[in-house]
Amino acid sequence: GAGVSQTPSNKVTEKGKYVELRCDPISGHTALYWYRQSLGQGPEFLIYFQGTGAADDSGLPNDRFFAVRPEGSVSTLKIQRTERGDSAVYLCASSLTPITGTNGYTFGSGTRLTVV
Amino acid sequence: DAKTTQPTSMDCAEGRAANLPCNHSTISGNEYVYWYRQIHSQGPQYIIHGLKNNETNEMASLIITEDRKSSTLILPHATLRDTAVYYCIVRVNSGNTPLVFGKGTRLSVIA
């Protein structure tokens, strides 16, 4: 597609449930990033994939969060035993690698997760 | 990454130039200054970046001081559609180092 696609756009789940958030990056972009954004804050880095492997997962808050990118394209962010504090907009971005300038990252519109 | 400091909010009259400041006094020699903006309910959008020379593109101009400790993003003729949160980020321009966002400046363009 022309841009980064994230599905669903909105997700409401009950506390304790498991959720999966999907990101379709721009075709040919080998780098993929997940961010989380709480109300009134800037996006917070979670994890970065280079191809199929997680190159940096230092931003994942705890072991309830993990992400996969099995074929080096689509990525899924998985949250186990959701808590109300997980409520946020989850943003995905992709980029060509290496970044040599120009427009760097392209972000999707995000998935708004609400844990009730 | 070096930290940046931006005002929390600014107003600008429609049609006037919007000048958004950013302080990055601890910037390293190999770190670039990036600007992104985020319009309500959308993901951040790249605007411009630079190392030490002033830069201009179809969206904005970036003025970086000679000592590189601060910069200003200039939207020459602000429109209502420029209302957004603007993020100033410093980052090494190699590999895929993740962007680290602060809270940014909320720019309100007023008719």
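Our subject is the structure listed above.
Note that the structure is predicted; figures quoted are calculated from it, not measured.

J.: What exactly am I supposed to notice about the overall build of chain A here?
T.: Counting secondary structure elements, chain A contains 0 helices and 11 strands. Sequence-ordered secondary structure for chain A, helices as α and strands as β, is β-β-β-β-β-β-β-β-β-β-β. Against the 2.2 N^0.38 benchmark of 13 Å for 116 residues, chain A shows a C-alpha radius of gyration of 13 Å, consistent with a compact globule. For chain A, the spread of C-alpha atoms along the three principal axes comes to 40 × 25 × 25 Å. For chain A, the proportion of its 116 residues judged to be buried stands at 47%. Long-range pairs, those at least 24 residues apart, make up 53% of the contacts in chain A with a sequence separation of at least 6. Across chain A, 11 positive and 10 negative side-chain charges occur, with their mean positions spaced 6 Å apart.

J.: Mind showing me how you'd approach unusual backbone geometry here?
T.: Leaving glycine aside, a negative phi is the common case for residues, and trans is the common case for peptide bonds. The peptide bond linking Thr7(A) to Pro8(A) adopts the cis configuration, its omega dihedral lying at -10°. Assignment of secondary structure puts Pro8(A) in the loop between strand S1 (5-7) and strand S2 (10-13). For Arg81(A), which is not glycine, the phi torsion reads 45° and is therefore positive. By the element assignment, Arg81(A) lies in the loop between strand S8 (75-79) and strand S9 (88-95). What makes Arg81(A) partly exposed here is its relative accessible area of 47%. Non-glycine residue Ser41(B) carries a positive phi angle of around 70°. Structurally, the position occupied by Ser41(B) is in the loop between strand S3 (31-38) and strand S4 (45-50).

J.: Would you mind going over the pairing of S4(B) with me for this structure?
T.: Working note: regular strand, side chains alternate between the two faces of the sheet. Residues and elements named next belong to chain B. Burial analysis of S4 places 5 of its 6 residues in the buried class, the great majority of the element. For S3 and S4, the ladder comprises 5 bridges, and the chain directions are antiparallel. By the bridge assignment, Trp 35 is partnered in S4 with Ile 48. Taken together, S3 and the strand that follows it, S4, pair antiparallel across an intervening segment of 6 residues, in which Ser 41 is found at a positive phi of about 70°.

How each quantity is defined
- Residues numbered from 1 in each chain as written.
- Chains lettered and ligands numbered in written order.
- Predicted model: local features only at pLDDT ≥ 70, side-chain atom pairs only at ≥ 80, totals over all residues.
- Heavy atoms only, no water.
- Helix = DSSP H or I, 4+ residues; strand = E, 2+ residues; numbered from the N terminus.
- Rg over C-alpha atoms; globule rule 2.2 N^0.38 Å.
- Buried < 20%, exposed > 50% of the residue type's maximum accessible area, 1.4 Å probe, protein only.
- Contact = heavy atoms within 4.5 Å.
- Lys, Arg positive; Asp, Glu negative; His and termini not counted.
- Charge placed at Lys NZ, Arg CZ, Asp CG, Glu CD.
- Pairing = 2+ DSSP bridges.

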